[in-house]
Amino acid sequence: MIRKVLAVVIASTITLSAIIPAYSADSDASVYSFYTDNMLFRQNKEAVIAGTAEKGSVITAELFDNGMNFAASGEAIADDNREFAVCFPAPEGSFEEYTVVIKADGKEIKTLKN
């Protein structure tokens, strides 16, 4: 019985940590916690960055190569449920590392590296 309860608690903790946004102290906007450094996007497909923000906030995601040269961007507006999903074209597959800068109403809320 204790093993079952422990398994449920562990599973719940893992599930909640994947869906609860990682909040920034300076902003009510955040991306979901599973968006981290060193993550991969599928090549030649639309990349999606999602999270929560105040209704009507304009969220942008900008993709830069190693030299911080602009490569792509996307924009979304937080909906009535405070959710957003910014889409932008992912580059061709390579070993090059990229940086994604996410902003809410022009203010940086997260930078994803590599």
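The paragraphs below set out a description of the structure included in this document. Not measured: the values here are computed from a predicted model.

## Brief notes about the overall build of the chain
The helix and strand tally for the chain stands at one helix and seven strands. Within the chain, the proportion of its 114 residues that are buried is 32%. The long-range share in the chain, meaning contacts at least 24 apart out of those at least 6 apart in sequence, stands at 55%. For the chain, the accessible surface area stands at approximately 7500 Å², while carbon and sulfur atoms represent 55% of it.

## Some remarks on the pattern of salt bridges
Pairs may arise between side chains of opposite charge once their charged atoms sit close together. All told, the structure shown has three salt bridges when counted by the stated rule. Residue D80 pairs with K55 through a salt bridge whose shortest N-O separation is 3.1 Å. Of the two residues, D80 is situated in the loop between β4 (70-77) and β5 (83-89) and K55 in the loop between β2 (46-52) and β3 (58-64); the sequence distance between them amounts to 25 residues. Each member of the pair, D80 as well as K55, carries the same accessibility label: exposed. In this structure, E62 engages K103 in a salt bridge whose closest nitrogen and oxygen atoms are separated by 3.9 Å. Pair noted here: E62 is in strand β3 and K103 is in strand β6 (residues 99-104), with a separation of 41 residues, a long-range link. Take K103: its relative accessible area is 24%, and that puts it in the partly exposed class.

## Considering unusual backbone geometry
Phi angles above zero are rare outside glycine, and N44 is one such case at about 60°. The topology assignment puts N44 in the loop between β1 (30-31) and β2. For N44, a relative accessible area of 52% translates into the label exposed. Within the chain, R82 stands out as a residue other than glycine whose phi angle is a positive 70°. Summarising the element assignment, R82 is placed in the loop between β4 and β5.

## So, the pairing of β3
Burial of β3 is extensive: five of the seven residues sit out of reach of the surface. Note: β3 against β4, seven bridges, orientation antiparallel. Bridge pairing in β4 places E62 opposite S73. Between β3 and the antiparallel strand that follows it, β4, lie five residues; M68 among them carries a positive phi value of about 60°. Two strands pair when backbone bridges link them, and β3 and β6 are joined in this way by six bridges, in the antiparallel orientation. In the strand pairing of β6, I59 is matched with A104.

## Some thoughts on the sheet that holds strand β7 (residues 107-113)
A sheet is described by the order of its strands in space; here four strands give the open sequence β4-β3-β6-β7, paired in antiparallel fashion. In this open sheet, the two edge strands, each paired with only one partner strand, are β4 and β7. Between one strand and the next, the sheet's axes are offset by a mean angle of 15°, whatever the strand orientation.

Calculation criteria
- Residues numbered from 1 in each chain as written.
- Predicted model: local features only at pLDDT ≥ 70, side-chain atom pairs only at ≥ 80, totals over all residues.
- Heavy atoms only, no water.
- Helix = DSSP H or I, 4+ residues; strand = E, 2+ residues; numbered from the N terminus.
- Buried < 20%, exposed > 50% of the residue type's maximum accessible area, 1.4 Å probe, protein only.
- Contact = heavy atoms within 4.5 Å.
- Areas by Shrake-Rupley, 256 points an atom, 1.4 Å probe, with all protein chains shown as cover.
- Salt bridge = Lys/Arg side-chain N within 4 Å of Asp/Glu carboxyl O.
- Pairing = 2+ DSSP bridges.
- Axes fitted to C-alpha atoms, helices over the stretch in contact; angles between N-to-C directions.

These figures come from the coordinates and say nothing about function on their own.
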